[in-house]
Amino acid sequence: MQLTPVSPAFRLAPCLAALATVLLLSACGGGKTTRPAPPPASTTVWPTVAPNDPQAANAVLMRAIGLVGTPYRYGGNTPESGFDCSGLVAYVYREMLDLKLPRTSRDLAAVQGPKIEPTRLAPGDLVFFGSRGNVSHVGIYVGEGRFVHAPSTGGTVRLDSLGGAYWKDHYTGAKRVLH
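The rules behind each value
Residues numbered from 1 in each chain as written. Predicted model: local features only at pLDDT ≥ 70, side-chain atom pairs only at ≥ 80, totals over all residues. Heavy atoms only, no water. Buried < 20%, exposed > 50% of the residue type's maximum accessible area, 1.4 Å probe, protein only. Helix = DSSP H or I, 4+ residues; strand = E, 2+ residues; numbered from the N terminus. Pairing = 2+ DSSP bridges.

Caption draft 1: Up close: the pairing of strand β4 (residues 134-143). Among the ten residues in β4, eight count as buried, and that is most of the element. Pairing analysis gives six bridges linking strand β3 (residues 126-131) to β4, with the strands arranged antiparallel. Pairing of Phe128 across the sheet is with Val138, part of β4. Turn length for the β3-β4 hairpin, with the two strands adjacent in sequence and antiparallel, is two residues, and the turn residue Arg132 shows positive phi of about 50 degrees. Strand direction decides the pairing type here: β4 and strand β5 (residues 146-149), joined by three bridges, are antiparallel. What sits directly across from Ile140, in β5, is Val148.

Structure below.
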């Protein structure tokens, strides 16, 4: 009697067939849909700091959040024309509090006022971003580590987290304009 060698692929075939059957049967889980696990919670704790003027801060936040979804436009400073980052800030503070702020993020960062540590941010504070000591972006802090801003061409006004990879790495400081 002569034995014929069996190829490795032929020996794996029954195993692969069994694995395929198990996978197919497990996909028939009674119509239940599976959802991916939620992302892990941020480890940063953002303390609640009351603004100096809660009524003014609330007016600023409600208006800023109400503009979420407005298109970005470089140089834009109205809801009709769209906003860039500093245009959004200047518009919200002017419309809600009749507070006239500088028009560029760099000039906003130079506004006289206390510099704020990240753990002392209060709603309505301005948060700044950039690199190598240069400020190139600004947003309005809303609380719980989040801020409203007009990010970039093709985007819209949105809420983001200070703990996001880009924002965390480019955070340069904050200023309190509500006294």
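Caption draft 2: Geometry of unusual backbone geometry. Here the phi dihedral of Asp98 falls at roughly 55 degrees; this positive angle occurs in a residue that is not glycine. Residue position: Asp98 is located in the loop between α3 (85-97) and α4 (105-109). One non-glycine residue, Glu144, lies in positive phi territory at about 55 degrees. Locating Glu144 in the fold gives a position in the loop between β4 and β5. Owing to a relative accessible area of 69%, Glu144 belongs among the exposed residues under this scheme.

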